[in-house]
Amino acid sequence: MSDTPDALSGILSGIVDDVGRALAEPLEIFPVCHHSPASAVAMARRLREKQPKVIYLELCEDMTPLLTELRNCKLPVAVQAFASELDGFPQDWAPLSVVAPVTEASAEYQAIAYALDTPGVELVLVDRSTDHVFQWQPRKDKAAAEPAAAPAEGEPVEGAELHGDAVGVEIGDLRPRFAELEQHLLHHGKVRHWSEWWDQYVEQPLGDADYDTYRQVMVLVGSLFRRLAPGAHDRVASDEERERYMWTRMRQHLAASGADSGDCLYVCGAFHAASHVAEFGLHGDDSYEISPRTATKWHHGLIPSSHSAIEAQFGLASGSVSIAAAVFAKSVTRTGVVPYRLEGQQGGSAAGKKKARASAVVSVESQQVADRLSGFLARPPVLDALDEDELLGWSVEIVRLARRNGYLSSTADAIAVFETSILLAGMRGRARPTPYDFQDAAVTCIEKDSVPGRRDVRRLCEIMLGGDRIGQVGYDSLPPLARDVHDRLAPLNLKLEQRGVQRALLDIAGDPALARCSDLLWILRYLLPRSAVRPIMGERRLGEKPIQESWDLALGTHQRELIELGYEGITVEQVLEQRLRRAVYGPQATAAVALGAVEDATLYLRSRRFADELGSRAVDLLAAERTVDDAPEVLRRARRLLAHYRATEPVLPAWLESFVKAGYAHYCTLLPNAFVDAESGTRQVAAMLGFLFSMESLALSLGCDRAQLELAVAQSHPTTPAKTALLWAAQHQLGVLTRAELRERTSQLLDNPLVLPAYPHYLSGFVQALEPVPALTGFVVEVISQAFARLPDPILLPWLPTLITTLRKEGGDHVALLAREAGRMFPGNLATLDTWTPPWSATVPPTAAAPAGPTAAVPVATLLTSRPDTTDALAALLGCDDPWTVTIPTAPDNSLHALLTRHPTPATALAHTIGAH
């Protein structure tokens, strides 16, 4: 744009030149706007008049084989190209997806239906391939992919997510390339959004226009937006690149096929019809070279679409595509034009198709194009009786819908809506009300302070004018994986293609064949969104067999996700295996991720070979880790897998034995540093100790050295209270600290007023210590009880919130264990509370000197001789014939009493532990 005085005259003269150039081109150019009823009606009319032999269509050229599959689908659907494994693109862009929606009220569908159902007609897609869509975009961000959608004009509704994050491609994106022009048009047109402006000033006037007028107006609009676009706009540069590509492809096809340009029709967006590139036309420059495609493997298929999905992706107002469908049906009825429909298309009418074939006539095209534009622009449309009848029907219907949805509307509201629609149209300079005027009038007359139901009046208007039609891909057009899923779930006797939730009941015990359906549903549960396959009753765990299950299935609603699974493999088992393998060999893989993959492979695939492969990878990942962030997850999964294999296998897998050995050495090495590292939390250190202590017996049997663990604990010097308590628990487990010494240390903490504020953190460490040393449960209850008993209220009451939050944050998994232990230790009723003595108060004081001589052995000897069953059972297990007589060369006699008398220290320690006096 320019600020010079002659800028306007230059723009106007340029528009005239663009229109003349496009209409004079020997290869007839048919300009369209995406999802335009006027374009669809004009296309159907022109195809019956011209009967072209070749149709060049602005659509990605690699999508050609999919168009015949539209016969098996219920429109709207989208043609999709999908790639998950990239070669030549940044890996963070994956997955790449491009969709091209197709609706019945669109010019491209009319051209596709005509070409596929008319013998001798060739359909050629000439736009750049999906690979070039991403080749031509900046490498910084996939979200900047061309073509980018304009800002959304309305809130999307149900079905708007059907396209996912795919890049949208449509024919004829006619919208100003900068916001200032669009806002100027909306302000002076007295409309709210672009869809309404287009409907008022272009769509409605062109509904009854002849073909020559239609072409001139569409090229004029495209030229206007093109010339007013900023010169440095990225979209303009991309559009010019596409135009060079398309004209080069068309000339190549004409040269190779020998087709007559007079029998061809080029269907493109009106923006491209006013092209300025040197390659424009049959006699354009042939120097443009098309770059080769990358080695990325693209998968193509059809996915369901919807009106709301199209609106959300291309920035259209909510309900605009539904209104366009209603306007198209009205135009077909008023003009008598018979639209084309693919043979076998769902929802088609045999009588309508027969009428369409009978009405096909061949006419001779005039070479001279008369000026129809001036008269068209000067003639305002009129409000005829048909429109009044339609508006009256809308007014009555919206009142009926409003009453059904809780509004207190009446016949007076219908009259008010009718009159207000005409009034709003007159205030906005319109000769007849549009659906947008009707919407505003209905909201004004019916909407109250609150919405009584689930839908407001504006949404009711959208439903009444066409609703959000959601397409469906037929069984024959599904990829092999999706068809395999439908076939394998056939015993459920459900209509899986229907949208909505369906309940499936599986009595596996009564019909074992349903176990295969259960296996498939659990895999789908893993691969698809949670709302697609949701278990109501039943679960899948290691070592368990299902008996009965209940499922909520919504595969029809999530058909797009199921179809995209088909791009990854032939069966869901293959897709799951590939995903698990990518997870464990990816750059973010950890030992915990690999163990989770082993568990998933065992649960869902039941493949011992694959599980062993993933387990070997887990060993390598654990040895390479330098942090202990995933130690809790590693411990949890390793314990579960160990218990499973011990219960189901005669011997442990070799990878699991290697994992235990590697983990024992690995965590022993990292333990001293983890105790002092501020980034390693108490939970992580407790998980490390839990792995070392719970796997110790297995690790030692496999050749590990316990001295490594003892040395690691001896070298640990924590500086925080919680980790200090963990270290004390570890030392107690190793026998370095006795229970009496632990009591003494905690008692000293309670006696020191400077340490009291940090006492909850010590308790947090002791609670976390229940993971590696569960035998300390009673001691932790004792420590908490002593704190409540000994601390005065001025200290205890401010300290309670800290204690509660600490226990909740750090010991949530162990609070239930503590509660059970406290219930076992404390009295069950108030009557015995006064005479109750805490168990820890009855023990021998830790400072009491251990008596020497024979008296220390008397309590233990008495205990063993009075309860000989345990000793006899242990002796039988060890193969001893006479457990009560042993041979001790250094002892004066062979009696057990003499042995205990000669070595009183162990006997005294045992007596203190069991509370014997």
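Cut-offs and rules
- Residues numbered from 1 in each chain as written.
- Predicted model: local features only at pLDDT ≥ 70, side-chain atom pairs only at ≥ 80, totals over all residues.
- Heavy atoms only, no water.
- Pairing = 2+ DSSP bridges.
- Helix = DSSP H or I, 4+ residues; strand = E, 2+ residues; numbered from the N terminus.
- Axes fitted to C-alpha atoms, helices over the stretch in contact; angles between N-to-C directions.
- Expected span 1.5 Å × (residues − 1).
- Buried < 20%, exposed > 50% of the residue type's maximum accessible area, 1.4 Å probe, protein only.
- Contact = heavy atoms within 4.5 Å.
- Core = buried A, V, L, I, M, F, W, Y, C linked by side-chain atoms within 4.5 Å.
- Parallel < 35°, antiparallel > 145°, perpendicular 65-115°, else oblique.
- Left-handed = near helix turned anticlockwise from the far one by under 90°.
- Nonpolar A, V, L, I, M, F, W, Y, C, P; charged D, E, K, R; others polar.

A.B. asks: Can you help me understand the sheet that holds strand S9 (residues 502–507) in this one?
C.D. replies: Within a beta sheet, neighbouring strands are joined by backbone hydrogen bonds and run either parallel or antiparallel to one another. Strand order across the open sheet formed by 3 strands is S9-S11-S10, with antiparallel pairing between neighbours. Strands with a single pairing partner mark the edges of an open sheet, and in this sheet they are S9 and strand S10 (533–537). On average, each strand axis in the sheet is inclined to that of its neighbour by 25°, with strand direction left out of account. Note that S9 and strand S11 (residues 548–553) share 6 bridges and pair antiparallel. Note on S11: the bridge partner recorded for Leu506 is Glu549.

A.B. asks: What's the story with helix H19 (residues 514–527) in this structure? I'm lost.
C.D. replies: Every α-helical turn comprises 3.6 residues, leaving residues that sit three or four positions apart pointing alike. The terminal C-alpha atoms of H19, which comprises 14 residues, lie 20 Å apart, in line with the 20 Å expected from a rise of 1.5 Å per residue. In terms of burial, H19 is largely enclosed, as 10 of its 14 residues are buried. Considered for burial, the residues of H19 that qualify are Leu514, Cys517, Ser518, Leu520, Leu521, Trp522, Ile523, Leu524, Arg525 and Leu527.

A.B. asks: What am I meant to see in the side chain of Arg251 here?
C.D. replies: Here Arg251 shows up in helix H8 (residues 234–257). Those residues in contact with Arg251 that sit more than four places away from it in its chain are Glu279, Gly281, Leu282, Gly284, Asp285 and Asp286.

A.B. asks: Explain the nonpolar core here, please?
C.D. replies: Looking at soluble globular proteins, one finds that nonpolar side chains tend to be buried together. Of all hydrophobic cores here, the largest spans 193 residues; its most connected members are Leu489 and Phe659. For this core, the leading source of residues is helix H25 (residues 654–676), giving 11 residues. Setting aside residues up to four positions removed in sequence, Phe659 forms contacts with Leu595, Ala618, Val619, Leu622, Val634, Ala638 and Phe691. Judged by nonpolar contacts, the second largest core, of 24 residues, contains Tyr407, Phe418, Ala441 and Leu465.

A.B. asks: Whenever I open this one, the packing of helix H22 (residues 591–605) against helix H24 (residues 631–648) confuses me. Can you help?
C.D. replies: Packed helices, taken two at a time, are described by the angle their axes make and the gap between the axes. Orientation of H22 relative to H24, taken along the N-to-C sense of each, is 30°, at an axis distance of 9 Å. On the basis of their axis angle, the class for H22 and H24 is roughly parallel. Considering the relative orientation of H22 and H24, their crossing is left-handed. On the side of H22, the interface is formed by Ala591, Ala592, Leu595, Gly596, Val598, Glu599 and Thr602, while H24 contributes Glu633, Val634, Arg637, Ala638, Arg640, Leu641, His644 and Tyr645. Here the contact of H22 with H24 is composed, by residue class, of 8 nonpolar, 3 polar and 4 charged.

A.B. asks: Can you walk me through the environment of Ala647 in this structure?
C.D. replies: By the secondary structure assignment, Ala647 is in helix H24. By relative accessible area, Ala647 is classed as exposed at 67%. Residues Ala647 and Gly543 lie 104 residues apart in sequence; the distance between their C-alpha atoms is 8.0 Å.

A.B. asks: How should the sheet that holds strand S7 (residues 264–269) be read in this particular structure?
C.D. replies: Reading across from one edge, S1-S7-S2-S5 is the order of the 4 strands in this open sheet, with parallel pairing throughout. This sheet does not close on itself; its edge strands, each paired only once, are strand S1 (28–32) and strand S5 (122–127). Strand-to-strand twist across the sheet, computed as the mean angle between neighbouring axes with direction ignored, equals 30°. As defined by bridge partners, S1 adjoins S7 across 5 bridges and the pair is classed as parallel. Bridging from a neighbouring strand, Val32 pairs with Gly269 of S7.

A.B. asks: For this particular structure, what's the right way to read unusual backbone geometry?
C.D. replies: Peptide bonds are mostly trans, and most non-glycine residues show a negative phi. In this structure, Pro76 follows Leu75 across a cis peptide bond, with omega equal to 5°. We note that Asn493 has phi near 55°; this positive angle belongs to a residue other than glycine. Structurally, Asn493 can be placed in the loop between helix H18 (480–488) and S9. What makes Asn493 exposed here is its relative accessible area of 69%. Positive phi is not limited to glycine here, since Arg606 has a value of about 50°. Mapping Arg606 onto the fold places it in the loop between H22 and helix H23 (608–624).

Everything listed here is a matter of geometry and, on its own, says nothing about what the molecule does.
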